[in-house]
Amino acid sequence: MAELQPGDKVQAHYKTGKYIGEIMEDRGHAYLVKVLAVLKHPQQGDLHNPGQTENVFFHERKALAHNEKANISKSSLSQYDGEIPEYQASLREALDKLKQKLAAKDDEFSKKAQNQLAELERRYFK
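Predicted model, so just to flag it, every value in this text is computed and none were measured.

(A) Spotlight on the nonpolar core. Core analysis: the biggest nonpolar cluster contains 26 residues, and Val33, Val38, Ala63 and Leu77 have the highest contact counts within it. Where this core is concerned, the elements lending two or more residues are strand E1 (9-14), strand E2 (17-26), strand E3 (30-40), strand E4 (69-73), helix H1 (87-103) and helix H2 (108-124). Per-element tally for this core: the top contributor is H1, with 6 residues. In this structure valine 38 touches Lys18, Tyr19, Ala63, Leu64, Tyr87, Ser90, Leu91 and Ala94, once residues within four positions along its chain are discounted.

Here is the structure:
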């Protein structure tokens, strides 16, 4: 496979989210990627203690914003050849998928994560 270049559209895994973006610049160990759409909304809570609510700091994790730029490890990127959805529609779909996944579980972590997502949703779509 040919090496990715600035201007290429990519699928990017960043923390616990997944995005469609455009490579802006090669920074050696990483690419600077501009976010175009959300494929998977980031998980809520403590990344080092997934599924835990006791004695951990329960982080709110927002999706990267439209046109936000992030340094993303080269190993976390792959070429993207599909249609690029509109950002707000992609964010809504990714958020709804995560909410459905959490609603299927009846545990303290899922309830807490659902509450955080409800707050994020109010801010995303005001």
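From this point, the discussion proceeds with the structure in view.
(B) How the structure looks around unusual backbone geometry. Despite not being glycine, lysine 15 shows a phi value in the positive range, around 55°. Judged by relative accessible area, which is 65%, lysine 15 ranks as exposed. Phi angles above zero are rare outside glycine, and asparagine 67 is one such case at about 70°. Judged by its relative accessible area of 35%, asparagine 67 is partly exposed.

(C) Summary view of the sheet that holds E3. In space, the 5 strands of this open sheet follow the order E4-E3-E2-E1-E5, with antiparallel pairing throughout. The two strands at the open ends of the sheet, each matched to only one other strand, are E4 and strand E5 (77-79). For this sheet the average axis-to-axis angle between neighbouring strands, irrespective of direction, equals 45°.

How each quantity is defined
- Residues numbered from 1 in each chain as written.
- Predicted model: local features only at pLDDT ≥ 70, side-chain atom pairs only at ≥ 80, totals over all residues.
- Heavy atoms only, no water.
- Core = buried A, V, L, I, M, F, W, Y, C linked by side-chain atoms within 4.5 Å.
- Buried < 20%, exposed > 50% of the residue type's maximum accessible area, 1.4 Å probe, protein only.
- Helix = DSSP H or I, 4+ residues; strand = E, 2+ residues; numbered from the N terminus.
- Contact = heavy atoms within 4.5 Å.
- Pairing = 2+ DSSP bridges.
- Axes fitted to C-alpha atoms, helices over the stretch in contact; angles between N-to-C directions.

Purely geometric stuff here, so don't read any function into it on its own.
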